[in-house]
Structure formats: structure tokens, C-alpha cells
Amino acid sequence: MRIVILGGGPGGYEAALVAAEQGADVTVVSREGLGGNTVLWDCVPSKALVVSAEAMGWMSMAYRLGMRWPTGGEIAGRAAVDMGAVMDRIQHLAGNQSNDIGKKVARAGARIIEGTGRLAGPHAVVIEGRDGTSAVLPADFVIVATGSRPRTLPFSKPDAVRVFTSRELFNLHEVPERLIVIGSGATGAEYAHAFARLGSEVHLISSRDQILPSEDPDAAAVIEDSFERWGMTIHRRRRAVGLERGAHGVRVRVGEDEWVEGTHALWCIGQVPVSANLGLEAGGVELAVNGSIPVDAVSRTNVHTIYAAGDVTGRIMLASVAAMQGRNAVWHALGGAVSPLRWDAVAYCIFTDPEVATVGMTAAEALTPQLPVQSVTQPFTGNSRAKMVESTDGFVKVHAMEGSGTVLGGAVVAAHASDLIAPLSLAVHNRLTVSQLAQAFTIYPSMSGSVSEAARLLVGRFASAT
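For the structure given in this document, a descriptive report is provided here. (Residues numbered from 1 in each chain as written. Predicted model: local features only at pLDDT ≥ 70, side-chain atom pairs only at ≥ 80, totals over all residues. Heavy atoms only, no water.)

**Describing the side chain of Glu168**
- Along the chain, the position of Glu168 falls in the loop between strand S8 (163-164) and strand S9 (178-182).
- In this structure Glu168 is buried but unpaired, with Arg167 as the nearest side chain of opposite charge at 5.7 Å.
- The residues contacting Glu168, other than those within four sequence positions of it, are Pro158 and Ala160. (Helix = DSSP H or I, 4+ residues; strand = E, 2+ residues; numbered from the N terminus. Buried < 20%, exposed > 50% of the residue type's maximum accessible area, 1.4 Å probe, protein only. Lys, Arg positive; Asp, Glu negative; His and termini not counted. Salt bridge = Lys/Arg side-chain N within 4 Å of Asp/Glu carboxyl O. Contact = heavy atoms within 4.5 Å.)

**Brief notes about the packing of helix H1 (residues 10-21) against helix H4 (residues 83-108)**
- For the pair H1 and H4, the least separation of the axes is 9 Å and the interaxial angle reads 25°. On the basis of their axis angle, the class for H1 and H4 is roughly parallel. Along this stretch, H1 crosses H4, giving a crossing that reads as left-handed. For the pair H1 and H4, contact is made by Tyr13, Ala16, Leu17 and Ala20 and by Ile101, Lys104, Val105 and Ala108, respectively.
- Of the residues belonging to the contact of H1 with H4, the class tally is 7 nonpolar, no polar and 1 charged. (Axes fitted to C-alpha atoms, helices over the stretch in contact; angles between N-to-C directions. Parallel < 35°, antiparallel > 145°, perpendicular 65-115°, else oblique. Left-handed = near helix turned anticlockwise from the far one by under 90°. Nonpolar A, V, L, I, M, F, W, Y, C, P; charged D, E, K, R; others polar.)

**Considering the layout of surface pockets**
- Space inside the second largest pocket adds up to approximately 790 Å³.
- Around the second largest pocket sit 28 residues that line it, and Met61, Asp353, Glu390, Ser391 and Ala415 are the ones nearest its centre.
- Those elements that provide at least two residues to the lining of the second largest pocket are helix H3 (43-64) and helix H6 (217-229).
- Per-element tally for the lining of the second largest pocket: the top contributor is H3, with 9 residues.
- Each residue belonging to the lining of the second largest pocket can be placed in one class, and the counts come to 11 nonpolar, 7 polar and 10 charged. (1 Å grid on protein atoms, 1.4 Å probe; cavity = no way out; pocket = protein on both sides within 12 Å on 5 of 7 lines; lining within 4 Å. Points joined across faces, edges and corners; volume = space filled by probe spheres on them.)

**Overview of the nonpolar core**
- Leu49, Leu169, Val181, Tyr191, Phe195, Phe227 and Leu266 are the most contacted members of the largest nonpolar core, which totals 38 residues.
- Of all the secondary structure elements, the ones that give two or more residues to this core are H3, H4, S9, helix H5 (186-198), strand S10 (201-205) and H6.
- Looking at this core element by element, the count peaks at 7 residues for H5.
- If we skip the residues at most four places from it in the chain, Val181 touches Gly188, Ala192, Val202, His203, Leu204, Ile205, Leu266 and Cys268.
- Of all hydrophobic cores here, the second largest spans 28 residues; its members include Leu420, Val428, Ala455 and Phe462. (Core = buried A, V, L, I, M, F, W, Y, C linked by side-chain atoms within 4.5 Å.)

**Regarding H4**
- The end-to-end C-alpha distance of H4 is 38 Å, a good match for the 38 Å that 26 residues give at a rise of 1.5 Å each.
- Gly109 sits one or two residues past H4 and shows a positive phi near 110°. (Expected span 1.5 Å × (residues − 1).)

So, in C-alpha cells, the structure goes:
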């Protein structure tokens, strides 16, 4: 079976690994190193930047934990940020990760071609190699996993000097003195958090009453409080409608005659599926109005030999979702049994401090009158481990169905929430009950103890109602 994969991000390389393991003849075509935008420009670099930024928070905490310089005073007060070293580490990490993925895919038996590809019909792909060569590859199946790119506006084109998106950001070698971050979703919040910790005067432009508009409002409130305690200015109910740049700075127009001035501007206003110049019309593939490729529950397009995975499908733009879509596409193409991707069980995390991790049903959905759902919130203020590590900001929230007690979703707002969400994710995926979750052993003292405690509170509430 001949499978050609366009794109080397998580959707592409995970599909390649599964296909090669199943004995298929696999070719991956990627314009840049494997890992794609996730590894080279977005997820891995941004989270590595967050880790460096949070080191400043750890040093601030050290004083409260009794740590001093031998001559006295705060450790944080003596620390300075070497932005060049931070960015060099991030680029080295991203490059290493990309190389590791490439070696893994090659060892599995897949061919990797650096270049671009486009459909020449439902069973053929034209390859243009970086070395100037071209070829037509026959394919029994094609998987399109070309990802997405940062959205820009006509007046916001990045120049990698004063104006950036996540693609250009890692050219910085000095901490921006006054950074304007436009967009208060997950990406904007993560970068705003990171640069505030690194010492920038951050101005966050939010078009809504509250940042993180797609998240639990209680979680967003915790993050807003954290941001403002670190000196960030949040411009609520403001929308960027213009930008001017000069030799020494930029200013962003956020109203009729209202401007926010800064030394640099970072645009975080979403991602756009990369579907142009792929020959999709030649393959008969239908596109949505926004340029995404609609797929069914097993990642198949309207053409039975062509699948799509990841950001290009326009669904939840997460590396984990892309990887699952890619694997499902291969399993289905090769005739295996496939469980459709469950959108109601997707877990994700926003890497601010504290982190915000969510799975399944949202707080807004839990309030729908038609659903008999009970929710409980357990703050970390009473958790002994949280007190020890000075991480009492945040909470665990669990949503469960009345009667059966089935866990439908939840959120964790805490340091390392990306790890703490795992038991709730497992419960949602396997349709466990709050009773089962509450009876599982947890370590004392641990942050995870609050997950079990929240489940126990719901067990008690359901018991008292019967």
C-alpha cells in the first residue's frame, strides 16, 4: 500500500510511524524539519520560553522559602535575563527535537523528502524537492497534514524587528522594554505571561471583558489576577484596528483615537489552515469557506483516497488532536478498526502560571438547563502540598451527570495542571464515575489529592440527594 503524506507535523509524522509499522510504503513530504510548526515555531518553543520565564518566579519564591544570597537579599533581585541565551537554547531544543523525530520516522522505514507536494489527482502527488528535482509519486492514499500559519491583518505584517508573530519571535535577542500583545486567547496569554516574567512591561489587548474567553470564567479570573500582580496591563474590550511602526517603537490603535504605545508588538490572533497550492481542486477535495478541509470522524475527506489531519482540518488546533487524526487516518486507510475521535474527551492546557488544563464538558455547557449536571469546585488553598510549594492559586472543578455520577469534564488551574488533568481525562475517556475517581489512591501530600477530594464532594452531594 502506497501512502504519501504532505506535511511533517504531528499529524504527518504520527501517520507515517503507524503506516510504516503496518508495512506500508510511506513517503513524507515536508518543507522544513519534521515536527512542523508545533516543534519548530509554536508549541515546543513557546513552552520552552515559558519555562525560562518561570525561573524568575522560582527565584522570587526562593526568598519566601528562606533562601538568601550569602550577603543577604533576594536571589531574584540579582538575576538578569540573557535573552540571546534563552533564544539560543530554545532554537537548539527545537532543532534537536525535530532531528529526533526525523530519525525515528526514518528508522521506522518511511522516506522523507524535503520539499513541497501537490495533488495531481486522487492517486498521484507531484513532488518539488528542495534540490530542484521533481517527480510524480503514485499513491493509493494521500494524507494532507500541512498545518496552519499565524493569522495576520493587512496592517500587521511582521517585520521581525518591531512586529512579530510566533514565527519571527525567536529572532529577539533582547527583552522587549514595552511589549504589546494583541490577542488574549491561549497563545497571547502564554506569551504575555512569559515576557512579563522576563521583565517586559506587557500590555495585553483583549477584545472581551475577560481574557481567555473560551475558558472557564473562574479560571480566567485566576489568570487575570496573576497577570496583574506581575505588573501586566490588560486593555479590556479593545480591538486592534491599526498599527504604526517607527525606528524606536510601535503603536497600536485600539479605538477611534486611542493608541497603545510600545517598543514591540506581538500578534496572537489565531491560526489559518494552510491549504493553498496543494492541488486540492485537482484531487476533487472540498474546502470550507475558511480554507480548512472538512473531514469525517476517521479523518477522511469527501474523496475516499484522500485524508486530512491536524490544523488544516480547522477543528481543535492541538498537536495531540493532529496526532490522533493522523493515526486514525492510516488505520482506516489500511482497513483497521478505528474508534472515531471523541471531541467530547479532548484534553488541553494553557501554559500560564498557574496553568489552565481542561477536558470534556466546559463550565458553560454544564450550566445548560437541559442537562442534569452537578459541578463542584475544590480550591487549592486547603491543599497541604500546594501550601508547601506556595502554589495555592487555582482549583479543581469536576462536572458529573446526576444519577449515574459519570464524569463529563473538568478543569484544573494550578502549577503543573497539564499533569494533574490526567486522572480527569482518563475518567472522561472511559466514562468513569465520581465514585470510582474518589476511591482511587492518591499520594499524601500531593496536588492530585484535590482531584479525588472534588470527586468525593460530588459523591456526597449525589448521596444526600437520594
